[in-house]
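What follows is each chain in one-letter form.
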Amino acid sequence: MLNLSESAVSNEKQEGQKIARFFIDQEFKSEKGPTIFVGASDIGPIRAILALIKFFPDIKALYYLTTGEATSEFKQQRKLPEAIMDYRKLAINKIPNILFTAGEVHPEIANVLTDNFEKSGATVVWLEDAPGSLRNRIGQPDLVFCFNAQSATEFERIRPDISRKKIHTLGLNPDFLRLSIENPQAKGTETRKRLGIQESTLVVTFIGSKSTDIPDDPQILAELSHTLKQIKTDTTQDIILIRRDHPGEPNPEVYDDSLSFYPEKTISMPKGSELFKQNSTAEICCASNLLIGVSSTVFDEATFRGALAGKAGEQGTLVVLRHEKSYSLPVVDSGSALVAYSSTELKQKIIDALYNLNVQKKLHDAQKSYCDVEGMEQKIKNAINLILRTLKNQ
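So, a few notes on the structure that sits alongside this text. (Residues numbered from 1 in each chain as written. Predicted model: local features only at pLDDT ≥ 70, side-chain atom pairs only at ≥ 80, totals over all residues. Heavy atoms only, no water.)

### Considering the overall build of the protein
From N to C terminus, the protein includes 15 helices and 13 strands. Taking all 394 residues of the protein together, the buried fraction comes to 56%. Here the contacts in the protein between residues at least 6 apart in sequence split such that 73% fall between residues at least 24 apart. Working note: accessible area of the protein is about 17200 Å², and carbon and sulfur atoms make up 48% of it. (Helix = DSSP H or I, 4+ residues; strand = E, 2+ residues; numbered from the N terminus. Buried < 20%, exposed > 50% of the residue type's maximum accessible area, 1.4 Å probe, protein only. Contact = heavy atoms within 4.5 Å. Areas by Shrake-Rupley, 256 points an atom, 1.4 Å probe, with all protein chains shown as cover.)

So this is what it looks like as structure tokens:
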């Protein structure tokens, strides 16, 4: 397995980029392997692609470009064409064998990437890093790797113009492979110690979405604060509320007042803060008894962690999503996570997840059924072999 440097990804996470930028990650001496170009919108999709790319037997060169904050910045300043021009120049100057994209790349930018690389003969591969993350993508890829069977069925429904021969099921986000060697208990204990949280304390963590994508996200955190205040009146057990921002959140200040409704101890980790930098999302999840939010790959990750766990109710495995209306979502449809459609439901679902052992067992059983954790590495190797057989210009 290739040892790829992720220094540029780390820099993007810590500092963000104000312009679309071209990263040269590594150039390899091998003349056999393909030249690979990676385009994605956020750190999560990039990590998913890099986790898959590591299984290529040989790579000649690897380049990647992120849009994330850069795209948001251009959209806010009405300079999106400038970003697109930057991408077009890169597409003309660099001719890869494979173009990988994942998640929701801005449609105009995705068009530029796909159009230019299709003309150059590159093999275009789409990766669904979370169920539904490709729902707004346009273009004609050569291969699509969906998260699981349910999301593949939904993708076929919304994109009947793409041949089913091109659509495949990977069965996981490749980045979740790290969960098979993760020690969540040790990671959680260490993180709690670092944050000064007792082992007996219940930790509820709000996993933020990007407020530009979900404007009500700060209000959902405020609702959670109110709800935990109500729950706390009926128990003497300490409950800590953690705010964990999305790594691509462009306006962390919009969440600043949302914790004020919870009178007990809170820990705020706004994007860019020292606590945010010092503690990874995975570490915070492993220290948490319950994860709550609207939409995040983190919730699918939690179900995989649950499927790998030896027993029900382990830290980092329980999820309650807060939605305004019902719609099909595989992680919910499978019974692997709870969902609340009102503040009243949110209170009850939190109580069920934290205190009801029968609910915890049902969630654990559903997670083991939903997440096919057997042969995770082999599935990625199979995908690599299929990509190599599909190459058009090598």
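### Notes on the sheet that holds strand β8 (residues 202–207)
Pairing is parallel across the open sheet formed by 6 strands, whose spatial order is β10-β9-β8-β11-β12-β13. Edge positions in the open sheet fall to β10 (266–269) and β13 (338–340), since each of these has one partner strand only. Strand-to-strand, the axes of this sheet are offset by a mean angle of 20°, without reference to chain direction. Where strand β12 (residues 319–322) and β13 come together, 3 bridges link them in parallel fashion. Among the inter-strand pairings, Val320 is bridged to a residue of β13, identified as Leu338. Running at roughly 155° to strand β11 (residues 290–293), helix α11 (residues 297–308) makes contact with β8, β11 and β12 of the sheet. (Pairing = 2+ DSSP bridges. Axes fitted to C-alpha atoms, helices over the stretch in contact; angles between N-to-C directions.)

### Focus: helix α8 (residues 217–232)
Helix length check: α8, at 16 residues, gives a terminal C-alpha distance of 23 Å against a target of 22 Å (1.5 Å per residue), a fit within 8%. Counting buried positions over the 16 residues of α8 gives 12, a clear majority of the element. Of the residues making up α8, those classed as buried are Asp217, Pro218, Ile220, Leu221, Ala222, Glu223, Leu224, Ser225, Thr227, Leu228, Ile231 and Lys232. (Expected span 1.5 Å × (residues − 1).)

### What about the packing of helix α13 (residues 343–355) against helix α14 (residues 357–370)?
Running from N to C, α13 and α14 cross one another at 85°; their axes reach a closest spacing of 6 Å. With respect to each other, α13 and α14 are oriented roughly perpendicular. Here α13 contributes Asp352, Ala353, Leu354 and Tyr355 to the contact with α14, which in turn contributes Leu357, Val359 and Gln360. (Parallel < 35°, antiparallel > 145°, perpendicular 65-115°, else oblique.)

### Some words on the side chain of Thr317
Mapped onto the elements of the fold, Thr317 is located in the loop between α11 and β12. By relative accessible area, which is 3% here, Thr317 ends up buried. A distance of 2.6 Å separates a polar side-chain atom of Thr317 from the backbone oxygen of Glu314. Residues contacting Thr317, with those up to four places away along its chain left out, are Ala302, Arg305, Gly306 and Gln367. (Polar contact = N/O pair within 3.5 Å; in protein donor to acceptor, adjacent residues only side chain to side chain.)

### Concerning the pairing of strand β9 (residues 239–244)
Judged by how many residues are buried, β9 sits mostly within the fold: 6 of 6 residues are covered. Of the two faces of β9, both are covered, the one formed by Ile239, Leu241 and Arg243 as well as the one formed by Ile240, Ile242 and Arg244. Bridging between β8 and β9 involves 6 bridges; their strand directions are parallel. In the sheet register, Leu202 faces β9, and the bridge partner there is Ile239. Following the chain from β8 across α8 to the adjacent parallel β9, one finds a crossover that is right-handed. (Right-handed = clockwise from strand over helix to strand, strands pointing away.)

### Describing the environment of Gln315
The topology assignment puts Gln315 in the loop between α11 and β12. Placed 126 residues apart in sequence, Gln315 and Thr189 show a C-alpha to C-alpha distance of 10.0 Å. In contact with Gln315, other than residues within four places in its own chain, are Gly188, Arg192, Glu199, Cys285, Cys286, Ala287, Ser288, Asn289 and Arg305. For Gln315, the side chain forms a polar contact with the side chain of Arg192, separated by 3.4 Å. A polar atom in the side chain of Gln315 sits 2.7 Å from the backbone oxygen of Cys286.

### Re α11
Taking 1.5 Å per residue, 12 residues should reach 16 Å; α11 reaches 17 Å between its end C-alpha atoms and fits that length. In terms of burial, α11 is a largely internal element, 10 of the 12 residues being buried. Residue Ser296 occupies the N-cap position of α11, its side-chain oxygen lying 3.0 Å from the main-chain nitrogen of Val298.

### With respect to the pattern of salt bridges
This model, assessed by the stated rule, comprises 18 salt bridges. Between Arg164 and Glu156 there is a salt bridge, with its nearest N and O atoms 3.6 Å apart. The shortest N-O distance in the salt bridge between Glu190 and Arg194 comes to 3.8 Å. With Glu190 and Arg194 both in helix α7 (residues 184–195) and 4 residues apart, this pair spans about one turn of that helix. Its relative accessible area of 38% is what places Arg194 among the partly exposed residues. Residues joined by salt bridges that share partners form a network here, namely Asp175, Arg178, Glu182, Lys187, Glu301 and Arg305. (Salt bridge = Lys/Arg side-chain N within 4 Å of Asp/Glu carboxyl O.)

### Points about the packing of α8 against α13
Remark: α8 packs on α13, axes separated minimally by 10 Å, with the N-to-C direction vectors making an angle of 55°. In this view, α8 runs oblique relative to α13, as classed from their interaxial angle. Considering how the two elements wind past one another, α8 and α13 form a crossing that is right-handed. Together, Glu223, Leu224, Thr227, Leu228, Gln230 and Ile231 of α8 and Ser343, Leu346, Lys347, Ile350 and Ile351 of α13 make up the contact between the two elements. Here the contact of α8 with α13 is composed, by residue class, of 6 nonpolar, 3 polar and 2 charged. (Left-handed = near helix turned anticlockwise from the far one by under 90°. Nonpolar A, V, L, I, M, F, W, Y, C, P; charged D, E, K, R; others polar.)

### Observations regarding the packing of aromatic side chains
Evaluated as defined, the whole model comprises 4 aromatic pairs. On the basis of an interplanar angle of 80° and a centroid distance of 6.1 Å, the ring pair of Phe147 and Phe176 is categorised as edge-to-face. Of this pair, Phe147 sits in the loop between β6 (143–146) and α6 (149–158) while Phe176 is found in the loop between β7 (167–169) and α7, placing the two residues 29 residues apart along the sequence. Comparing Phe147 with Phe176, the two get one shared label, buried. (Phe/Tyr/Trp six-rings, centres within 6.5 Å; stacked < 30°, edge-to-face > 60°.)

Nothing here speaks to function; it is geometry throughout.
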